[in-house]
Structure formats: C-alpha cells, structure tokens
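# Structural description and commentary
Residue strings, one per chain:
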Amino acid sequence: MKKRVIIDCDPGIDDAIALMLAFASSDIDIAFLTTCFGNNTLEQTTENALNLAYLFGSNVDIYKGAEKPLFVKPRGIPEFHGINGIGGAKLEPSPRKIKEEYAWDAIYKEALACNGELTLITLGPLTNVAIALYKYEDLPKYIKEIVVMGGSSSFGNELPFSEANVFSDPHAFQTVINAKIKVKMVGLNATETTRVTFDEMREIFGVKTRISDKLDQMLEHYLRVQNKYGEEKLVIHDAAAMAVAISPEIAESEIYPVSVELTEGRMFGRTIVDIRLHSKAEKNVDVVRKIDFEAYKNMLKQMVGFYK
Amino acid sequence: MSKRPVIIDCDPGHDDAIALLMALASDKLDVKGITTIAGNNTVEKTTINTLKILELTGMTHIPVAVGRRNPLMQTIQVANDVHGVSGMDGPELPDPITKPVDLSAVELIAKIVEESEEKVTLVAVGPFTNIGVFLLAYPHLHDKIECISLMGGGYYEGNRTALSEFNIWQDPEAARVVMRSGIPVLLHGLDVTHKALVKKDEFSIFREEKGPIFQFVADLLDFFAICYTGERKLEGCPMHDSCAIAHLIDPTLFTSYDAPIDIDLDGTLTRGACIVDLRPRERRDNPDNGKMVLDLDRKRFLNLIIDSCRKIESNLKNA
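None of these values were measured; they are calculated from a predicted model.

A tally of regular secondary structure across chain A gives 11 helices and 10 strands. Taking 2.2 N^0.38 as the reference for a compact globule, 308 residues should give roughly 19 Å; the C-alpha atoms of chain A span a radius of gyration of 18 Å, in line with that estimate. Long-range contacts, defined here as pairs at least 24 residues apart, represent 83% of the contacts in chain A between residues at least 6 apart. As displayed, chain A offers around 12,000 Å² of accessible surface, 50% of which is attributable to carbon and sulfur atoms. Each charge sign in chain A was given a centre, from 36 positive and 43 negative side chains, and these centres are 1 Å apart.

Structure (structure tokens):
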C-alpha cells in the first residue's frame, strides 16, 4: 500500500528536487502540499510550490501556512536559493489556485481522514506543524510519523551547530518533539553524506527531459552558492530527506534524546543530540546517521527518467 | 634536546594521577610546578593527592601550590561518584610529609613564567579556574605562554549535561577566559578521551608488573572502573587527563582540527558546551584559536602509559 503523505515545504531549490522525487515515486501518495516561509517569503515559496507542481505535471492541492516563526523575529531571506527562491529559474505559471484553507487546518482534516496512517514530510521550518499541534491537541494520535529535514548531530550551517530549518523556528521543532509524535530527523549530519560530484550530477541529471532546463538552472545556482561558502561538491538536503521518507531502508538511524536550544546566543536553534551512554533523558527522536549513497543516487537518476 | 617547560594544573583524580606519572616520566617535559584546583574533590584533597603522588615517585623537588577553592561564578560540586570521597580512592598511599609552597597557584604560575627564559606550556586537566585567573591577572605574561593543553569539553558529547563536560561545567567562565585569551589551545574533549581507554582486560598488564608504580596504577584503574564500566557503560577506564600530557610528548598519537573554539555561557541547555566551528572556513566568523582533538591511536597511547610507569620504576630502583 502506498504511504499517504503531506509534504510541507518552502521551495527552495532543494525542495524543488525533493518534489521532483516525490511526484515521480510510486511508493508514496501525496495528499497535498503545504507551504511555509523559509527559503523565501511565504508568498514566493507558495508561488514556487504551485508552479513546480505544474512543471512536474501534478494536480496536487496546495495550502498556504505560516509567514513567520512562532515567537521570534524572522531571520530574513537567505541568499542560498537566489532572488526568487529557485535560483532565478522562470517557471511557467500554473493555471491552478492556492486553496483557501490554512495549512494547519488541512493537515488536521487529512490526519483524521487517514485514521493514523498519515506521514508528514517537512522540508522547511516546522511552524505549520507546530500551529496544527497547538490548535488540535489530539493531532499527535493521528500522525504515523513525521520525517523532518532539519537539525544536525554534528556541525550546522547558520551557526557552528545550528541548521537553517530549525534555526528559523527552533520553538516549532521543540513543539513537535514535545508532542511525542514519532519523529525521524534527517539532519545536516545525514544529508552531508549524500554530496555528489559534478560528474555524478551529470550522470544523474544529464538525461534530457522536459524539466531538465529548469533543473539545470536551479542546480547550477545551488552549486555555485555552496562552493562560495566553501562546501565541496553538491548536497541537495531536502532531496536526501525525501529519499529517506520514500525508502526508509536506505537510512541508518538510532533513537536518541533530542532537544532544541531556545535561548538566543551562539547555540540558538542547535538540536542537542544526547549521545551519552549513561543519559537518563527520554529517547524521543530517530536520528538518521547515514544515507546509502548508491541507493540515493540511483533513486534520483531513476526519478529524473520519469520526466522524459 | 632541551625539555619543554610545563606547569600542570590538576585535581587528582585517578586520570590526573596517571597523567602526572606520564609527565614526570617524560624526557620531553620539564615539570616546573604543579598547581591544584578544586574539581574532582575539594582543593584540600586534590592537594594531598598531588603530594602523595610526588612522594610515591620520588619527585618531591617539584613545587606544588594550592589553587582556588571555588570556580569563578559557581561553587564547587565534587565528583565523589567518580573518584570516591578522597578524590583518589583505591590506592593506599601514606599521608604526605611534604608541603605545598607558600605561594598561591596563580602566583606560582606567574613566578615560573616570569623566571623562565623559554616560553612555558600550561597544562590544565581540572576546571580551568586557576588558569583563568592567571590570564586575567597577568596580561603581560600571555606572550610567554607557548600553548595551553587542556582536558575538557567535547564536540559531540558531554557528561554532566548532554553537551557539557565536568571541567568546563564546573567553571564555564574560566574556560571562556582561556579560549578567548588568544593563546593557542589544544582541547582534548570527551570525543577523544572516551577513546583513550585502558580496557578492562588490559588492567592485568599493570597488576602483573610488580613495582609500586604499576600497582598504584592498577589500584587506580580498579576503582575508576566502578563508575566507568558501571553507570557510564564504557569498555574500560578513559584516560581523560593523560591525553593533555601525551599530546605534548607525542603529538603524532592524535588527530585534531584547527578551529575557532569558544565556550557557551548563555544557553539554557548548552551552558558550558564548547562552540567549536568546524563548518567550511568561508562560513566561520571567528579566527582559529586552537586545535580540537577528536581521535587518537589507542594502542600506541596505551604503550606510552606503560613505558612511563616502567621509566619511573627504573628511576626509583636507581635512586
């Protein structure tokens, strides 16, 4: 049976590649997308989500969510994803409209309808899920699992240890942890194990498809910015998380006590993974440690082929 | 070859004791003085333990000075659960007959550094309180410090909290002073010290050698193992403090990374954690101030401990 999922995203170049994977996969059944601020403004990420779905040939509904973090000031738009959040790529406007309802209401309604079989996949800040949990206290029992691209058990990107999605709204991720939903954290420590070389990029994305021009444009921008920040090769964080959500068997993980630093400072938004053998803290988050690189690469390549 | 002048600030402490043996045995190090600090136990007890070790090894010519009773902003919380009520439970050594010098730890450090023709290396394997006060009180002597080799902190792991290690947890403010002094640091945190194990099945190596130094170490290991192979669930005893000494004797034993290193004072969950920036250089917003040590060659490290014991045994026989 296909896994029923909602994808919460903030496209975002890596979100775009993650969506490309998701729409091509026969293992998941996408209920709809929800959008959040993050890689750009809510308005821009929503427009991008709409047009990306159209590009990838999907009729999926899209619900708009939060335009800012729960309690802290927005950190501004990062340069990582270019002026329009997708590396300047101009997408054909979708004829479809955004749904009227809020993301959190749509998430709850779908969770009820799925009767405990719903998986959430989040690729941006966790604000929408947090608001859903605040508004609907019984939501946790209707969620099977939430797969989160966010956090890190080693180094960060925004700060020495803090990763952008959690850093953008740390309280939101702590809220998700507090809800005692089954959380799988695909953090930077894990996505960093999926960096591809330029040659591997060619091998994966080289085949000419109806989407390849747009993908090339986005990925070239993404690679350029990563290299500018001293990162070698290319990592597509959200795509790695999506690959894990689609095929959990490609990931090695272990459950640890995890909490988020919520006090402003150099550690703000750090996901604290308590690896002490003698820790008495509750083990609450399934932390992905490693992703099978070959399996990931093959999945990307195969899914690109879907768009021929 | 001239020996490297060092001052060791410590709070013995089982692993401190073994670290001291390594320093005293080494022909690479000239131990100019030992200062004590409250940490594993009160400064009174860590001082007694230091004197006992020097008397056992016949190295009573080395001056010992008593350090601060408490961290800069907190009060000391002794680790009876790890080191016992004496701070060094296990071995039975006679009460010391020697005494510490009249100077305070901070004054002794300053005196040695002032009088030294060469730059002096500081080693701190307890809370960094004395070193912090020395750095604050003697800014003109910073130039005469070669580097500071430390046991404390961690990149991935703490022990007292998820991210804060005992020595820094006791006195995060002092640790911040050390990290921000601009003097290069070698930071041996739990990432490496939990790999620096004497495994349980290796304790017999020490017990089977008959001399007093080997027996002393065997007794230390037996007691230390109660906590570490029990509640802490390790395969043996971590030689935390020995890493800070061994690195000065043979740097090739260790794998380390240049990085900006600071101490977090503000976090609710991260107070006392090390802020070590290992992101790509283009993202770092502070200059490197030292090396974060993350791995070691355990077998060669263990051999260095054994060789150190053997050397002191032979010195005692020849005395």
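What chain B contains, in helices and strands, is 12 helices and 12 strands. The C-alpha atoms of chain B give a radius of gyration of 18 Å, which matches the 20 Å a tight globule of 319 residues would have. Taken along its principal axes, the extent of the C-alpha atoms in chain B is 55 × 45 × 40 Å. When each of the 319 residues of chain B is scored for burial, the buried share is 62%. Contacts in chain B between residues at least 24 apart in sequence constitute 81% of all its contacts with a sequence separation of at least 6. Taken as a whole, chain B presents about 12,000 Å² of accessible surface, with 51% of it coming from carbon and sulfur. Side-chain charges of chain B comprise 34 positive and 47 negative groups, with the mean position of each set lying 2 Å from the other.

For the rest of this paragraph, the subject is the sheet that holds strand β6 (residues 183-186) of chain A. All names here are of chain A. Read across the open sheet, the 8 strands follow the order β3-β2-β1-β4-β5-β6-β10-β7; overall the sheet is mixed. Of all strands in the sheet, those bounded by a partner on one side alone are β3 (61-64) and β7 (251-256). Between one strand and the next, the sheet's axes are offset by a mean angle of 25°, whatever the strand orientation. The pairing of strand β1 (residues 3-9) with strand β2 (residues 28-35) spans 7 bridges and is parallel. Among the inter-strand pairings, K3 is bridged to a residue of β2, identified as I28. Here helix α2 (residues 42-55) sits on the sheet in contact with β2 and β3, set at roughly 175° to β3.

A word on the interface of chain B and chain A. Chain B puts 30 residues into the contact, and the matching count from chain A is 30 residues. Buried area between chain B and chain A, both sides added, is near 2,600 Å², and the carbon and sulfur share of it is 58%. Counting the contacts that link chain B with chain A gives 3 salt bridges. The closest approach of N and O atoms between B:D285 and A:R266, which form a salt bridge, is 3.1 Å. Where chain B touches chain A, the interface holds 12 residue pairs in polar contact (both at pLDDT 80 or more).

All names here are of chain A. Looking at chain direction, β2 and β3 are connected through 4 bridges and run parallel. Note on β3: the bridge partner recorded for F32 is D61. As a crossover connection, the stretch from β2 through α2 into β3 is right-handed.

All names here are of chain B. Checked against the element boundaries, C227 lands in helix α10 (residues 212-228). Residue C227 is classed as buried on the basis of its relative accessible area of 7%. Taking C-alpha positions, C227 is 8.8 Å from C237, a pair spaced 10 residues apart along the chain. Excluding residues that lie within four positions of it along the chain, C227 makes contacts with D81, V82 and R232.

What follows deals with the pattern of salt bridges. All names here are of chain B. One pass over the structure, following the stated rule, counts 42 salt bridges over all chains. Across the salt bridge formed by R180 and D262, the nearest N and O atoms sit 2.6 Å from each other. With R180 in the loop between α7 (172-179) and β6 (185-188) and D262 in strand β10 (residues 261-263), the pair connects residues that are 82 residues apart, well separated along the chain. For R180, a relative accessible area of 54% translates into the label exposed. Overall, the relative accessible area of 14% leaves D262 in the buried class. Taking the shortest distance from any N to any O, the salt bridge between D222 and R207 comes out at 2.8 Å. Taken together, the residues span a long stretch of sequence, with D222 in helix α10 and R207 in helix α9 (residues 203-208) at a distance of 15 residues. Residue classification places D222 among the partly exposed residues on the basis of a relative accessible area of 40%. Assessed through its relative accessible area of 28%, R207 is described here as partly exposed.

Formed by 110 residues in total, the largest nonpolar core has its most connected members in A:I7, A:M20, A:F56, A:F173, A:F205 and A:M242. Among the elements that take part in this core, helix α1 (residues 13-24) of chain A stands out by supplying 10 residues, more than any other. When near neighbours in sequence (up to four residues on either side) are disregarded, A:F205 contacts A:I17, A:M20, A:L215, A:D216, A:L219, A:I236, A:L300 and A:V304. The next biggest cluster of nonpolar side chains, apart from the first, holds 69 residues, and it includes B:L29, B:L54, B:M151 and B:A244.

Quick look at the sheet that holds strand β12 (residues 290-296) of chain B now. Residues and elements named next belong to chain B. The sheet built from 8 strands is open, its strands ordered β3-β2-β1-β4-β5-β6-β12-β9 with mixed pairing. If you trace the sheet from one side to the other, it starts and ends with β3 (64-66) and β9 (254-259), each paired once. Pairs of neighbouring strands in the sheet enclose a mean axial angle of 20°, with direction left out of account. In this structure, β9 lies alongside β12, joined through 6 bridges in antiparallel fashion. By the bridge assignment for β12, D258 is matched with K291.

So, how was this worked out
Residues numbered from 1 in each chain as written. Chains lettered and ligands numbered in written order. Predicted model: local features only at pLDDT ≥ 70, side-chain atom pairs only at ≥ 80, totals over all residues. Heavy atoms only, no water. Helix = DSSP H or I, 4+ residues; strand = E, 2+ residues; numbered from the N terminus. Rg over C-alpha atoms; globule rule 2.2 N^0.38 Å. Contact = heavy atoms within 4.5 Å. Areas by Shrake-Rupley, 256 points an atom, 1.4 Å probe, with all protein chains shown as cover. Lys, Arg positive; Asp, Glu negative; His and termini not counted. Charge placed at Lys NZ, Arg CZ, Asp CG, Glu CD. Buried < 20%, exposed > 50% of the residue type's maximum accessible area, 1.4 Å probe, protein only. Pairing = 2+ DSSP bridges. Axes fitted to C-alpha atoms, helices over the stretch in contact; angles between N-to-C directions. Buried area = accessible area lost by both parts, 1.4 Å probe. Salt bridge = Lys/Arg side-chain N within 4 Å of Asp/Glu carboxyl O. Polar contact = N/O pair within 3.5 Å; in protein donor to acceptor, adjacent residues only side chain to side chain. Right-handed = clockwise from strand over helix to strand, strands pointing away. Core = buried A, V, L, I, M, F, W, Y, C linked by side-chain atoms within 4.5 Å.

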